[in-house]
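Examination of the molecular architecture
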Amino acid sequence: DIYSGKITNWKQLGGEDQEIIAYQREENSGSQTGMLKMVMKDTPMTEAPKELMIGDMGSIVDAVALYDNDVSGYSYYYYVKNMWGDEHIKLLAVDGIAPTDETIGSDSYPIVSTTYMVLRADEPEGSNARLLADWILTDEGQSIARESGYVPLQ
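Residues numbered from 1 in each chain as written. Predicted model: local features only at pLDDT ≥ 70, side-chain atom pairs only at ≥ 80, totals over all residues. Heavy atoms only, no water.

1. Overview of the overall build of the protein chain
Check the secondary structure of the protein chain and you find six helices and four strands. Starting at the N terminus and ending at the C terminus, the protein chain contains elements arranged as β-β-α-β-α-β-α-α-α-α. The buried share among the 154 residues of the protein chain stands at 31%. Considering only contacts in the protein chain between residues 6 or more positions apart, those separated by 24 or more positions represent 48%. (Helix = DSSP H or I, 4+ residues; strand = E, 2+ residues; numbered from the N terminus. Buried < 20%, exposed > 50% of the residue type's maximum accessible area, 1.4 Å probe, protein only. Contact = heavy atoms within 4.5 Å.)

Here it is as structure tokens:
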């Protein structure tokens, strides 16, 4: 409702009587595409004023971190948590479920984006592609996934 323009003040959500500053990413960015597909779905997103359009993920996290409680932004969990972490950023629960490695890994967090590795059916055994796929599933591969900020397979 915030990003559709239906809710514009924190008072509408039980907060202080303050206008909500709702930052957005540029139209073709990965996080904007994810927001439209996974969150907004069939609800049109309000057009953000130019000063609220942020070009890169790091800048949107920085912009949100500058405020106390009157601003909203969105990014991917792995990016905020592992690549651009900031103690001033609060990750919001959805339907009462906070985003954590556990809730994302178990699909109990309602907004999840999955990354796949796909091989052709006729990919030869022992090929580099099959060796990589097999390695990704090892403890070492899953550890690297976690260190890179992704939630590994459970």
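2. Examining helix H1 (residues 30–40)
Those residues of H1 not exposed but buried are Ser31, Gln32, Gly34, Met35 and Met40. Along the long axis of H1, the arc covered by the buried residues comes to 160 degrees, so they all point the same way. One or two positions beyond H1, positive phi appears at lysine 41, with a value near 50 degrees. (Arc of directions from axis to C-beta.)

3. Comments concerning the side chain of glutamine 24
Here glutamine 24 is to be found in strand E2 (residues 24–25). In this structure glutamine 24 comes out as buried when scored by relative accessible area, which is 4%.

4. Here we look at the pattern of salt bridges
Taken as a whole and judged by the stated rule, the model has two salt bridges. Between arginine 120 and aspartate 122 there is a salt bridge, and its shortest N-O distance comes to 2.8 Å. Accessibility assignment for this pair places arginine 120 and aspartate 122 in one class, exposed. (Salt bridge = Lys/Arg side-chain N within 4 Å of Asp/Glu carboxyl O.)

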